[in-house]
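Chain and residue survey
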Amino acid sequence: MPHKKKSGTGERRVTLKTIGEHLGLATGTVSAALNGSPAARTIPEHTKQRILNAARELNYQPNYFARSLRLQRTYTIGVITEQIGDPYGAVVISGIEEALRDTEYLFLTVVHRHDRRVLKNYSKMLISRGVEGFITVDTSIEEEPRLPTVAVAGHATVPRVTNLILDQRHAVRLALTHLLGLGHREIAFIRGQTTSSDSATRWAAVSSVCEELAIRIRPELVVQIEDDLTTPQLGYPYAKKLLERKQPFTALFAYNDLAAIGAIYAFQEAGLRVPEDISVVGFDDVPIAVFSRPGLTTIRQPLAQMGRIAAKTLIDRIEDRAEYLPEIVIEPELIVRSSTAPASCKAWIKIDRQMLTSEASS
């Protein structure tokens, strides 16, 4: 059994020299074998195995600070996100973590909440800490970054940035074709907040597809999110605003799942049934969508997969294993659950009666 020397402060740290002395080998030989350097090719296989076994037995822990100085590498990437608590970003980051789990890389995460000053400062701080590249999530990039970067939900064409995007037109077409197939013609929309990097692109897709499918977008049936919340409360006040305008609609297409679930609550509070009176379609397919009541029909973005693709793409760039790609397009999928059904106009009879009752009582 190997003998571990101890000092007055506890167990002595096992180094490459310790392993070399234990095996009667040069420190350089041990280093080459454990680090997989080109020099390791000259080391006999049985000697490599002895070194690996000794490293395990002695509980050798590499000194990454020393290794970083020697190789001028940190094996660290920076993840820049709008916020961590929202279901969208959380699932993307979980995909990044999963992809990095079996690599030497780790990641540092910062949150900017769409504050440009904070975003700029945090980017500089991550560079000063030696990150070798960036992954951004729901973050608009306007200037060429100093390091290789993959942007999840990025849209602007910026040198050195690979934009990982969803096919927004196809996604919107899936949602609206589904509603048209159910007989819906009067469709309301909740637009995304202007700070979200997907918002403008998705609304442009909605406008284009509506024209293509001959769906009229009524201004009175469009509301825009102005809050920055990470709960279904996000859509609640905007659905109420739509009802207050007294313009009939039989379906709602919301910017994201949180807005859609909040809207469902507002409709139910008003005495309307989903989907019998109003159908609702969300976007993203975050985990809570399947547990909504009713289960939410939505457009699925493979968020965890997008995180995995972003991490692999960035590492391949850092390691020079792949050429730079300006864009990677991800295909969406329509997930049909219980929040959509054939169109009905009965909802507006209910609303008109409620309005008449309210006016009479006042």
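Remember, predicted model here, so these are calculated numbers, not experimental data. (Residues numbered from 1 in each chain as written. Predicted model: local features only at pLDDT ≥ 70, side-chain atom pairs only at ≥ 80, totals over all residues. Heavy atoms only, no water.)

Looking now at the sheet that holds strand β5 (residues 134–137). The strand order β4-β3-β5-β6-β7-β13 describes an open sheet built from 6 strands, whose pairing is parallel. A single partner strand is all that each edge strand has here, and the edge strands are β4 (106–111) and β13 (327–330). Ignoring which end each strand starts from, the neighbouring axes of this sheet average 20° apart. In this fold helix α6 (residues 116–128) packs onto β3 (76–81), β4 and β5, with an angle of close to 160° to the strand it touches most, β4. Most of the contacts of helix α11 (residues 303–318) go to strand β6 (residues 149–152), to which it runs at about 165°, and overall it touches β3, β5, β6, β7 (161–166) and β13. (Pairing = 2+ DSSP bridges. Helix = DSSP H or I, 4+ residues; strand = E, 2+ residues; numbered from the N terminus. Axes fitted to C-alpha atoms, helices over the stretch in contact; angles between N-to-C directions. Contact = heavy atoms within 4.5 Å.)

Before going further, it helps to spend a moment on the nonpolar core. Grouped together as the largest cluster of nonpolar side chains are 47 residues, with contacts concentrated most on Tyr88, Ile135, Val152, Leu164, Leu176, Phe189 and Phe253. Looking at which element gives the most residues to this core, the answer is α11, with 7 residues. In this view, Val152 contacts Tyr88, Val92, Ile135, Thr136, Val137, Asp138, Leu164, Met306 and Ala310; residues no more than four positions away in its chain are not counted. (Core = buried A, V, L, I, M, F, W, Y, C linked by side-chain atoms within 4.5 Å. Buried < 20%, exposed > 50% of the residue type's maximum accessible area, 1.4 Å probe, protein only.)

You can see Leu34 is positioned in helix α2 (residues 27–35). When its relative accessible area of 24% is taken as the criterion, Leu34 is described as partly exposed. Along the sequence, Leu34 and Leu52 sit 18 residues apart, while their C-alpha atoms lie 7.0 Å from each other.

Along β6, one buried face is formed by Thr149 and Ala151 and the opposite face, lined by Val150 and Val152, is buried too. Bridging between β5 and β6 involves 4 bridges; their strand directions are parallel. Opposite Ile135, over in β6, you have Val150 as the bridge partner. Strand direction decides the pairing type here: β6 and β7, joined by 4 bridges, are parallel.

This part takes up the pairing of strand β11 (residues 279–284). When a strand is regular, its side chains alternate between the sheet's two faces. β11 sits mainly inside the fold: 6 of its 6 residues count as buried. Viewed along the sheet, the connection from strand β10 (residues 251–254) through helix α10 (residues 257–269) into β11 turns out right-handed. With 4 bridges joining them, β11 and strand β12 (residues 297–300) adopt parallel strand pairing. Looking at β12, one finds that Val281 is bridged to Thr297. (Right-handed = clockwise from strand over helix to strand, strands pointing away.)

Close contact between α2 and helix α3 (residues 45–57) brings their axes to 10 Å; oriented N to C, the two are set at 85°. Our classification of the angle between α2 and α3 gives roughly perpendicular. Contacts between α2 and α3 involve Thr29, Val30, Ala33 and Leu34 from the first element and Lys48, Ile51, Leu52 and Ala55 from the second. Looking at the contact of α2 with α3, its residues break down into 6 nonpolar, 1 polar and 1 charged. (Parallel < 35°, antiparallel > 145°, perpendicular 65-115°, else oblique. Nonpolar A, V, L, I, M, F, W, Y, C, P; charged D, E, K, R; others polar.)

This paragraph deals with the packing of aromatic side chains. Enumeration over the complete set of coordinates arrives at 6 aromatic pairs. Here Phe189 and Trp203 contribute two aromatic rings whose centre-to-centre distance is 5.7 Å and whose plane-to-plane angle is 80°, an arrangement assigned as edge-to-face. Here Trp203 lies in helix α8 (residues 199–212) and Phe189 lies in strand β8 (residues 187–191), a separation of 14 residues in the sequence. Given a relative accessible area of 1%, Phe189 falls into the buried group. Judged by its relative accessible area of 16%, Trp203 is buried. Each member of the aromatic cluster is reached from another via a ring pair, and the members are Phe189, Trp203, Phe253 and Phe283. When the ring centre of Phe283 is taken as reference, the NZ or CZ atom of Arg202 above it lies at 3.6 Å. (Phe/Tyr/Trp six-rings, centres within 6.5 Å; stacked < 30°, edge-to-face > 60°. Lys NZ or Arg CZ within 6 Å of the ring centre and 35° of its normal.)

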